[in-house]
Amino acid sequence: MRRHRLTIGLLALTIGIAGCEGPTTYHPANPSDQPADRTGYWDYRIEENRYRVNFAGNSMTSRDTVERYLLFRAAELTLQQGYDWFEMADRGTERKSQTYVDRPFSTGPYGYWGPWWSYRSPRFGWRTWDPFWGDPFWDRDLDVRTVDRYEASAEIVMGHGSKPASPRAFDAREVASNLRGSIEVPH
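Let us look at the structure shown here. (Residues numbered from 1 in each chain as written. Predicted model: local features only at pLDDT ≥ 70, side-chain atom pairs only at ≥ 80, totals over all residues. Heavy atoms only, no water.)

1. Considering the overall build of the chain
At step 1: Within the chain, the secondary structure is distributed over three helices and seven strands.
At step 2: Tracing the chain from N to C terminus, the helices and strands come up as α-β-β-α-β-β-β-β-β-α.
At step 3: Out of the 187 residues belonging to the chain, those deemed buried represent 32%.
At step 4: Excluding contacts between residues fewer than 6 apart, the proportion of contacts in the chain whose partners are at least 24 apart in sequence is 70%.
At step 5: Surface accessibility of the chain: about 12900 Å² in total, with carbon and sulfur atoms responsible for 53%. (Helix = DSSP H or I, 4+ residues; strand = E, 2+ residues; numbered from the N terminus. Buried < 20%, exposed > 50% of the residue type's maximum accessible area, 1.4 Å probe, protein only. Contact = heavy atoms within 4.5 Å. Areas by Shrake-Rupley, 256 points an atom, 1.4 Å probe, with all protein chains shown as cover.)

Here it is, written out as structure tokens:
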């Protein structure tokens, strides 16, 4: 019986750990996802040798990782299309921040409605006070956190032969070879 409970406990722990979200891996984005929830890479053709390439990470993916995955995708796409090099015609990384404020909640004797007042503190700015939370001049247990997500995009132009002598031009084979070891793909 004890061994049975231990096995069930280990199985539950394994499932719990497997369900934890980590940084975005290198994978194609799901086109049915809403743009705000989309993670992974996607691209589209503009002209015969010109593409728009994007990579979006989740809140646990660093800016460096998002930009590295974008560069890897540009190199991979260039090779898939039969070209040797690519040049970044345009490139940018957007940071999307969302701030969450969590605080203890009590319904008090008035249900979800209760009296409260706003006041301005020279040190903390505008604050609120209600009679059920005590002294208005002491900070309450507020949990304020900001979550950042990064999305990188680039417009690339692809070519054959030797790469141009431009700092924005990259040899696709060399980029893919150098970055491949740092790219995490889903298992």
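Past the structure itself, the notes keep going.
2. Thoughts on the packing of aromatic side chains
At step 1: For the structure shown, the criterion picks out six aromatic pairs.
At step 2: Here the aromatic rings of Y26 and F55 are separated by 6.4 Å at their centres, their planes lie at 5 degrees, and the arrangement is stacked. Of the two residues, Y26 sits in the loop between α1 (2-18) and β1 (40-47) while F55 sits in strand β2 (residues 50-56), which places them 29 residues apart along the sequence.
At step 3: Members of the aromatic cluster, each reached through a chain of ring pairs, are Y26, Y41, F55, Y69 and F72. (Phe/Tyr/Trp six-rings, centres within 6.5 Å; stacked < 30°, edge-to-face > 60°.)

3. Observations concerning the pattern of salt bridges
Side chains that differ in charge, positive against negative, can pair when their charged atoms come close.
At step 1: Taken as a whole, this structure holds ten salt bridges when the rule is applied.
At step 2: Notably, a salt bridge pairs R73 with D43, separated by 2.7 Å at the nearest N-O pair. With R73 in helix α2 (residues 63-80) and D43 in strand β1, the pair connects residues that are 30 residues apart, well separated along the chain.
At step 3: Across the pair E155 and R50 runs a salt bridge whose closest N-O atoms are separated by 2.4 Å. Here E155, found in strand β6 (residues 143-159), pairs with R50, found in strand β2; they are 105 residues apart in sequence, far enough to count as distant.
At step 4: Taking relative accessible area as the criterion, R50 reaches 23% and is therefore assigned partly exposed.
At step 5: Among the charged side chains, a salt-bridge network with shared partners connects D43, R73 and E76. (Salt bridge = Lys/Arg side-chain N within 4 Å of Asp/Glu carboxyl O.)

4. Some points on the environment of E87
At step 1: With respect to the helices and strands, the residue E87 is situated in strand β3 (residues 85-102).
At step 2: Filtering out sequence-adjacent residues up to four positions away, E87 remains in contact with E155, I156, V157, P164, S166, R168 and A169.
At step 3: A polar atom in the side chain of E87 sits 3.1 Å from the side chain of S166. (Polar contact = N/O pair within 3.5 Å; in protein donor to acceptor, adjacent residues only side chain to side chain.)

5. Things to note about the packing of α2 against helix α3 (residues 172-179)
At step 1: Two elements in contact, α2 and α3, have axes separated by 8 Å at closest approach and are oriented at 135 degrees. Classed by the angle they form, the pair α2 and α3 counts as oblique. The two elements α2 and α3 meet at a crossing, and its hand is left-handed. The residues of α3 that touch α2, namely those facing R68, L71, F72, A75, T78 and L79, are A172, R173, V175, A176 and L179.
At step 2: A class-by-class count of the residues in the contact of α2 with α3 yields eight nonpolar, one polar and two charged. (Axes fitted to C-alpha atoms, helices over the stretch in contact; angles between N-to-C directions. Parallel < 35°, antiparallel > 145°, perpendicular 65-115°, else oblique. Left-handed = near helix turned anticlockwise from the far one by under 90°. Nonpolar A, V, L, I, M, F, W, Y, C, P; charged D, E, K, R; others polar.)

6. Let's talk about the nonpolar core
At step 1: Residues Y26, F55, F86, I156 and M158 are the most contacted members of the largest nonpolar core, which totals 26 residues.
At step 2: Looking at this core, the elements with two or more residues in it are β2, α2, β3, β6 and α3.
At step 3: With eight residues, the top contributor of residues to this core is α2.
At step 4: Leave out the neighbours within four places in its chain, and M158 touches N49, Y51, L77, T78, Q81, Y83, W85 and F86. (Core = buried A, V, L, I, M, F, W, Y, C linked by side-chain atoms within 4.5 Å.)

7. As for the environment of L77
At step 1: Turning to its location among the elements, L77 is positioned in helix α2.
At step 2: L77 sits in the buried class, given a relative accessible area of 3%.
At step 3: Residues L77 and I156 lie 79 residues apart in sequence; the distance between their C-alpha atoms is 10.0 Å.
At step 4: Not counting residues within four places of it along the chain, the set of residues in contact with L77 comprises D43, Y51, V53 and M158.

8. Here we look at the side chain of T24
At step 1: Its location among the elements puts T24 in the loop between α1 and β1.
At step 2: From its side chain, T24 meets the backbone nitrogen of N58 in a polar contact 2.8 Å long.
At step 3: Contact partners of T24, with chain neighbours within four places excluded, come to T39, G40, F55, A56, G57, N58, T61 and Y69.

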